[in-house]
Amino acid sequence: MVYADDFVVTFQYKSDAEWFYEHLKHRMEYFGLSLEEEKSRLIEFGRYAKARCQKLGKKPETFTFLGFTHYCSQSRNGRFRVKRKTSKKKFAKKCREINLLLARMRTHSLKEIITKLNQILTGYYHYYGITDNSKSITAFRYNIMKSLFYCLNRRSQKKSYNWIRFLNMMNNSYPLVRPRIYVSVYE
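The protein carries the name RNA-directed DNA polymerase in an unreviewed UniProt entry, which gives Fusicatenibacter saccharivorans as its organism.

Structure (structure tokens):
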């Protein structure tokens, strides 16, 4: 079995996109490959997609590529802009991984746990820390804090922390790395 990687192709005109899509199928067959029909689609996307979709009474479509959901939006000055946010699927998967990690590390020292979480957060911010994605990376940090709070309170039969005491400890003694945008797409 041979596989090709994901890719996105954009066109200005719908007719060009349809022509390309049909020829791509034939070209891939020539090399013994086939398109995954469930994952391949033509969508209207871009500067005028929102206006056209509103006339039809629907929302402009989005697409997910490389862990980001791409959607049509506007900049602060009202100009068209493609924005990106972390894919819900990737976000949920990473949160589950953190929960499993914390369950395995429950008996480790708090310093070791925080060190490991900071490494994960730094890597996450480096990949997902792009323009317009600050809400998602902030939400990821908050989810890690909630998971850590739950994990630390499961260490003994008595509840170790209330939320306020936990936040004081996190801010003063064991801070988690704060979210940061590392890549500015539009500069």
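Q: An account of the overall build of the protein is needed here, citing residue identities and associated values.
A: In terms of regular secondary structure, the protein is built from six helices and three strands. At 22 Å, the protein has a C-alpha radius of gyration far larger than the 16 Å of a compact globule built from 187 residues. Across its three principal axes, the protein shows a C-alpha extent of roughly 65 × 50 × 30 Å. In the protein, buried positions account for 32% of the 187 residues. Excluding contacts between residues fewer than 6 apart, the proportion of contacts in the protein whose partners are at least 24 apart in sequence is 53%. Computing the positive centroid from 37 side-chain charges and the negative centroid from 15, the protein places the two 16 Å apart.

Q: Can you break down a positive patch on the surface residue by residue, with the values?
A: On the surface, a cluster of positive charge is contributed by Lys39, Lys89, Lys90, Lys93 and Arg96. Tracing the chain through its elements places lysine 90 in helix α3 (residues 88-104).

Q: An account of α3 is requested, with residue identities and associated values reported.
A: Given a rise of 1.5 Å per residue, 17 residues ought to cover 24 Å, and the 25 Å separating the end C-alpha atoms of α3 matches this to within 8%. The set of residues buried in α3 consists of Phe91, Cys95, Ile98, Leu101 and Leu102. Viewed end-on, α3 has its buried residues packed into an arc of 120 degrees, placing them on one side of the element. Facing away from the buried side of α3, by more than 90 degrees, are the exposed residues Lys89, Leu100 and Arg104. Close packing links the buried residues of α3 with β3 (80-86), α4 (110-128) and α5 (134-153).

Q: Help me get a handle on the sheet that holds strand β1 (residues 63-65), residues and values and all.
A: The pairing of strands in a sheet comes from backbone hydrogen bonds and takes either a parallel or an antiparallel form. Spatial ordering of the open sheet is given by β1-β2-β3, a layout of three strands whose pairing is antiparallel. Among the strands making up the open sheet, the edge pair consists of β1 and β3. With direction set aside, neighbouring strand axes in the sheet form an average angle of 40 degrees. Summarising the sheet, strand β2 (residues 68-74) and β3 pair through seven bridges and their orientation is antiparallel. Paired with cysteine 72 across the strands is valine 82, a residue of β3.

Q: Could you give an account of the nonpolar core, with specific residues and numbers?
A: Looking at soluble globular proteins, one finds that nonpolar side chains tend to be buried together. Within the largest apolar cluster, 30 residues are counted, with the highest numbers of intra-cluster contacts made by Leu117, Phe140, Leu148, Phe166 and Leu176. Looking at this core, the elements that each hand over two or more residues are α3, α4, α5 and α6 (163-172). Considering every element that reaches this core, the biggest residue donor is α4, with nine residues. Contact partners of phenylalanine 166, with chain neighbours within four places excluded, come to Met145, Leu148, Phe149, Leu152 and Tyr161.

Parameters and conventions
- Residues numbered from 1 in each chain as written.
- Predicted model: local features only at pLDDT ≥ 70, side-chain atom pairs only at ≥ 80, totals over all residues.
- Heavy atoms only, no water.
- Helix = DSSP H or I, 4+ residues; strand = E, 2+ residues; numbered from the N terminus.
- Rg over C-alpha atoms; globule rule 2.2 N^0.38 Å.
- Buried < 20%, exposed > 50% of the residue type's maximum accessible area, 1.4 Å probe, protein only.
- Contact = heavy atoms within 4.5 Å.
- Lys, Arg positive; Asp, Glu negative; His and termini not counted.
- Charge placed at Lys NZ, Arg CZ, Asp CG, Glu CD.
- Patch = residues over 30% accessible without salt bridge, like charges linked within 9 Å, V, L, I, M, F, W, Y side chains within 5 Å.
- Areas by Shrake-Rupley, 256 points an atom, 1.4 Å probe, with all protein chains shown as cover.
- Salt bridge = Lys/Arg side-chain N within 4 Å of Asp/Glu carboxyl O.
- Expected span 1.5 Å × (residues − 1).
- Arc of directions from axis to C-beta.
- Pairing = 2+ DSSP bridges.
- Axes fitted to C-alpha atoms, helices over the stretch in contact; angles between N-to-C directions.
- Core = buried A, V, L, I, M, F, W, Y, C linked by side-chain atoms within 4.5 Å.

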